[in-house]
Amino acid sequence: MRYRVGVDIGGSFTDFAVLDRQTSQIHTLKVLSRPDAPGSEILTGLAQFAERDGLDPAEIGYFTHGTTVGINAVIQRRGVRLALFATAGFCDVLELARLKIPHIHDLFSRRPAPLISRDRVFAIHERTDRDGKVLQPVDRQSVLAAIDGARAAGCQGIVVALLHSYRNGHNEAAVKAIVEEVAPDLLTSCSADIWPIIREYERTITAAINAYVQPMVINYLEKFEGALRARGVTTPPRITKSNGGVMGVEQAKRECVQMVLSGTASGVIGASYLASACGFDRILSLDIGGTSADVAVIVNGEVAQGNGEIIGDFPIYIPSVAVTSVGQGGGSLAWIDGQGVMQMGPDSAGSLPGPVCFQRGGTQPTATDAFAACGMIGHGDLGYHAVQVDV
């Protein structure tokens, strides 16, 4: 196979890099992302490569893909509406979190609202002790009542996070079986299946983030695979993981939390390689996309691995590249808060309609529009002529 392809799909742009192994040349391309039609940016990019460089999709031997679809959904809080099934007496796990306020010197500091509000948390009567022994089997009636409550609240998915399930996931599996029997349309995730770690908050928030983005990620990956098949790509795609590795599409659908930092981690890996090649042993990497800005520290050419990295307002407790992401990208929208103070983000104009200066129907000012108005950009086309800026 002649070609190795890497694709990074962000909220605003999709970037392609193709290595021709016969000539050792690297070809690059940038096209606008299509959140309204996932996968179509792949068709567009491969078609342009075929026309411009003669790339034959059947000759692609390796295809790896990083995406920010998961992290953008968390930062902008655009995931699905979830219910949480928790052990009776422990339903405040997301509200309590770790009892820390974000800014200890700010008298008005407030913790962010949880991904699953308290009115969508339902008690399950069961109990497993710290050694994994089941003291009380799952009470079926409490599960049925919780399902009715989740339906009444308009929930699209359920997170099951029970006490001490990291030692024994039997009761969580029993709850999931009842949900699949009674309400198979509700996508259900068990915390013990997602990441069975000690401490209830860490396990619950990680499972909640996984479920929060899962329907979106599944739809996205299915469209992505379909686009590759439509262009004649036969090699199975690899999805980059939060820890800098890769995984297959089916694993990515099951373990969405493993790809929440997919594109973000890839950028840090690339920065570390460049730093090492250039002889810099201590660098700070800054990756600003359309929706988020990602910061990481690289020492001696090595990417630090973390656990509990901050994604928007929330920590995510899986092994991952040590990177912090905030909703401050080029497409971040400017707005005025209740006190008349200007704010930026985390909502983004994305690629549709995009910043006003992109001439694609945008009407709300973004960071990119500010740069254009200040004369920092707009002196030529952006993104390999993908965008014409109208100052």
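Residues numbered from 1 in each chain as written. Predicted model: local features only at pLDDT ≥ 70, side-chain atom pairs only at ≥ 80, totals over all residues. Heavy atoms only, no water.

Colleague: I tried to follow the packing of aromatic side chains on my own but got confused; where do I start?
Modeller: Working definition: an aromatic ring pair is given by the centre-to-centre distance plus the angle between the planes. Scanning all chains against the criterion turns up five aromatic pairs. Aromatic side chains Phe-16 and Phe-49 sit 5.8 Å apart centroid to centroid with 70 degrees between the ring planes, which places their arrangement in the edge-to-face category. Of this pair, Phe-16 sits in strand β2 (residues 13-20) while Phe-49 sits in helix α1 (residues 40-53), and the two are 33 residues apart along the sequence. Each member of the pair, Phe-16 together with Phe-49, is buried. Seen from the ring of Tyr-62, Arg-4 lies directly overhead, with NZ or CZ sitting 4.3 Å from the centre. (Phe/Tyr/Trp six-rings, centres within 6.5 Å; stacked < 30°, edge-to-face > 60°. Helix = DSSP H or I, 4+ residues; strand = E, 2+ residues; numbered from the N terminus. Buried < 20%, exposed > 50% of the residue type's maximum accessible area, 1.4 Å probe, protein only. Lys NZ or Arg CZ within 6 Å of the ring centre and 35° of its normal.)

Colleague: Would you take a moment to explain the pairing of strand β3 (residues 25-32) for this structure?
Modeller: Regular strands have side chains that alternate between both faces of the sheet. Bridge analysis of β2 against β3 gives eight bridges, and the strand direction is antiparallel. Looking across to β3, one finds that Ala-17 is bridged to Thr-28. As consecutive antiparallel partners, β2 and β3 are separated by four residues, and within that stretch Ser-24 has a phi angle of approximately 60 degrees, a positive value. (Pairing = 2+ DSSP bridges.)

Colleague: Got a minute to help me understand the packing of helix α4 (residues 140-152) against helix α5 (residues 170-182) in this structure?
Modeller: Between two packed helices, both the angle of their axes relative to each other and the distance between the axes serve to describe the pair. Direction vectors running N to C along α4 and α5 enclose 55 degrees, while the axes themselves pass 10 Å from each other. The angle between the axes of α4 and α5 places the two elements in the oblique class. Considering only the axes of α4 and α5, their crossing is right-handed. Of the residues in α5, those touching α4 at Arg-140, Val-143, Leu-144, Ile-147 and Arg-151 are Val-175, Ile-178, Val-179, Glu-181 and Val-182. (Axes fitted to C-alpha atoms, helices over the stretch in contact; angles between N-to-C directions. Parallel < 35°, antiparallel > 145°, perpendicular 65-115°, else oblique. Left-handed = near helix turned anticlockwise from the far one by under 90°. Contact = heavy atoms within 4.5 Å.)

Colleague: What am I meant to see in the nonpolar core here?
Modeller: Soluble globular proteins tend to pack their nonpolar side chains together in the buried interior. With 69 residues, the main nonpolar core has Ile-42, Leu-84 and Ile-209 as its most contacted residues. At 14 residues, helix α7 (residues 200-230) tops the list of elements feeding residues into this core. Setting aside its immediate chain neighbours within four residues, Ile-42 contacts Val-7, Ile-9, Phe-16, Phe-224, Ala-227 and Leu-228. Among the nonpolar cores identified, the runner-up in size contains 20 residues, and Ala-83, Ile-124, Ala-146 and Ala-150 belong to it. (Core = buried A, V, L, I, M, F, W, Y, C linked by side-chain atoms within 4.5 Å.)

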